[in-house]
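Descriptive analysis of the structure
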Amino acid sequence: RPSYAPSYDSVSTSSVSGDIDIRMGQQRCDPNLSWFDRKKCEAYSKKAFGWWKVDILLNALSAMNAPVDLVCVRCPSNVTHSAGFSPSKNTVWMCGNHFWNPFQFRRILAHELVHAFDFARAKIDTENVDHVACTEVRAANLSGECELWTKWTDYIGDDPLGNHMWSRKQRCVKGAALRSLTAHGGDEKEAKDSIERVWSRCSKDHWPFTTDPQFDTR
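Scope of this entry: the structure provided in the associated data block. It should be emphasised that the depicted structure is a prediction, and the values quoted were computed from it without experimental measurement.

Thresholds applied
Residue indices follow the written sequence of each chain, beginning from 1 at its first position. Residue-level local features of this predicted model are given only where pLDDT is at least 70; pairs of side-chain atoms are given and counted only at 80 or more, and the full residue set underlies all totals for whole chains, interfaces and linings. To obtain the side-chain values, all non-hydrogen atoms of the structure were used and water was disregarded. Helix numbers and strand numbers start at the N terminus; a helix is a DSSP run of H or I with at least 4 residues, a strand a run of E with at least 2. Patch criteria: residues need more than 30% relative accessible area and no salt bridge. Like-charged residues are merged within 9 Å; nonpolar side chains of Val, Leu, Ile, Met, Phe, Trp and Tyr are merged within 5 Å. Using the Shrake-Rupley algorithm and a 1.4 Å probe, accessible areas are obtained, with residue cover drawn only from the displayed protein chains. Note on definitions: salt bridges are taken to be side-chain nitrogens of Lys or Arg within 4 Å of carboxyl oxygens of Asp or Glu. Cysteine sulfur atoms are paired as a disulfide whenever they fall within 2.5 Å. Under the scheme applied here, a residue whose accessible area is under 20% of the maximum for its type counts as buried, over 50% as exposed, and between as partly exposed, the area being computed with a 1.4 Å probe on protein chains only.

Now for the environment of K46. Assignment of secondary structure puts K46 in helix α1 (residues 35–49). Through-space distance from the C-alpha of K46 to that of P102 is 9.6 Å; in sequence the pair is 56 residues apart.

Among the surface-exposed residues, W35, F36 and W100 lie close enough to one another that they form a single nonpolar patch of about 450 Å² accessible area. Mapped onto the elements, W100 comes out in the loop between β4 (91–95) and α3 (102–121).

All chains considered together, the criterion is met by four disulfides. For C41, the disulfide goes to C72, at an S-S distance of 1.8 Å. Here the disulfide of C41 and C72 is left-handed, its torsion about the S-S bond being about -65 degrees. A residue pair is termed long-range when its members are at least 10 positions apart, and C41 in helix α1 and C72 in strand β2 (residues 69–73) qualify at 31 residues. In this pair, the class of C41 matches that of C72, namely buried.

A few words on the pattern of salt bridges. For the structure on display, the rule yields ten salt bridges. A salt bridge links D118 to R138, with the shortest nitrogen-to-oxygen separation between them at 2.7 Å. Of the two residues, D118 is situated in helix α3 and R138 in helix α4 (residues 129–142); the sequence distance between them amounts to 20 residues. Overall, the relative accessible area of 4% leaves D118 in the buried class. The buried category is assigned to R138, whose relative accessible area is 1%. Within the structure, one salt-bridge network assembled from shared partners comprises D118, R121, R138 and D205.

Take a look at the structure:
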């Protein structure tokens, strides 16, 4: 599960080789990754950098002089997350041993880059649950993880242009935000209340995209 994760701030970068800027279309890799996972992460990264959502987010971060590092690391098999963003290190961490297709990889990378963008453009207080809820809502909404083509099995039988399908997407986004907010010991009721407080504003905030990405024909 992708998430803004405070625990990633405690991860040392000394165990990661190289110092490569994400804008160059490359990434650093944890030497503890297997050869297969390292090559897989490299291939998935290059594929993801060509996806229009990732490209827009990277260009926006570059324009704000806030480029991020992308690091592929080996994560324990029992953890529930697949990636994370560290604001203090301005780094996106991807669990190189937890991905099995490039489409999942690029969606989760886009999710984390939305977090990076939000931290670059606003003074987010990580102790303020509404601030974190807003960036989680935006990341789930903009990354594509809740769109029709990703969750098509959940939408079977629905009118593709009907209100029922859109309500399902809303539930998917809210559910993803809730899981992220409670993954680190947050109170579920407080998290739900926070999501509802920020929903109207944050679910309609598509920046740096100029429109809701699900309506973009690219």
